[in-house]
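# Coordinate inspection notes
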Amino acid sequence: MTTAILSALPEEQGGLMHALQQPEQLQHAGRVFWRGHLHGQPVVLALSGIGKVAAATTAAALAERFGVARMVFTGVAGGVGEGVQVGDVVVAQDYLQHDFDASPIFPRWEVPGYGRARMDCDSALNALLLEAARAYLADAGAHFVADLPNAARAPQVHHGLMASGDRFVSTAQESSALRAALLASDHDVLAVEMEGAAVAQVCRDYGLPFAAVRTISDRADDSAHVDFAHFVQNVASRYADHIVQRFVRML
């Protein structure tokens, strides 16, 4: 059973490609895929590019062309939930598209044809990702002092709702308004990014288990563009490497 591991950016996959055993490069749908083995498990590594359409195209290609059995997205996100800070890890329980609005025909955020706004992630895969993330944060210890010098506490793992949209949320005003609007409809979102909800919907269509783990790179506020660039280049790759490889070993 082949596992697809997706990210939007190369840094978000860390050294996974270098760790790939018997790597084989394939091109399809304008994308480069790497097929091989990690810790004895067959995998396909893919970079989706940024945004929901790009992510959906990649997920459909993985289902149709490569026949993967499950998909896992790893990357970074902006923290908007209370108590979610830079350096924390969020494992998605479910997803919604925060920029989707077909009202008044359908309720805001509801995806027509599905009768729901939120797409569930796979509980079994979630459990493995949570275990892998907690184990990594527990083992990493002092490394975080250098990585996150301004952190008020050690990084933590969260499990809950993530939201995707074709917009980089980068002001405190926008972040606050987005969270407030979602919370008013009982959508207590922890983090925002730009791909996961699309992959969750594609996986639902194909009947494939899906899970996602995101490291918080910024607080989706006025300094987000600075924090994001630094974090992706200096920290995100290590998180991805350790958490995903621990996860793969547990499959």
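A brief look at the structure comes next. (Residues numbered from 1 in each chain as written. Predicted model: local features only at pLDDT ≥ 70, side-chain atom pairs only at ≥ 80, totals over all residues. Heavy atoms only, no water.)

## A closer look at the state of the cysteines
- For the coordinates displayed, the defined rule picks out 0 disulfides.
- Of all cysteine sulfurs, the one in Cys203 lies closest to Cys121, which takes part in no disulfide; the gap is 9.0 Å.
- Cys203 sits in the buried class, given a relative accessible area of 1%. (Disulfide = S-S within 2.5 Å. Buried < 20%, exposed > 50% of the residue type's maximum accessible area, 1.4 Å probe, protein only.)

## Focus on unusual backbone geometry
- The residue after Ser103, namely Pro104, is reached through a cis peptide bond having omega 5°.
- On the secondary structure map, Pro104 appears in the loop between strand 6 (89–97) and strand 7 (119–120).
- Positive phi, close to 55°, is recorded for Ala29, a residue that is not glycine.
- When you line up the elements, Ala29 lands in the loop between strand 2 (21–28) and strand 3 (31–38).
- Its relative accessible area of 38% is what places Ala29 among the partly exposed residues. (Helix = DSSP H or I, 4+ residues; strand = E, 2+ residues; numbered from the N terminus.)

## Remarks on the packing of aromatic side chains
- Inspection of the entire model under this criterion finds 3 aromatic pairs.
- With a centroid separation of 4.7 Å and an interplanar angle of 45°, the aromatic rings of Phe33 and Phe66 are classed as tilted. Placement of Phe33 in strand 3 and of Phe66 in the loop between helix 2 (52–64) and strand 5 (70–79) is noted, with a sequence separation of 33 residues between them. Residues Phe33 and Phe66 agree in their burial class; the two are buried.
- With a centroid separation of 6.1 Å and an interplanar angle of 40°, the aromatic rings of Tyr95 and Phe210 are classed as tilted. Taken together, the positions of Tyr95 in strand 6 and Phe210 in strand 10 (residues 210–218) put the pair 115 residues apart, joining distant regions of the chain. Taken individually, Tyr95 and Phe210 each receive the classification buried, so the pair is uniform in this respect.
- Arg65 extends its terminal NZ or CZ atom over the ring of Phe66, reaching a point 5.3 Å from the ring centre. (Phe/Tyr/Trp six-rings, centres within 6.5 Å; stacked < 30°, edge-to-face > 60°. Lys NZ or Arg CZ within 6 Å of the ring centre and 35° of its normal.)

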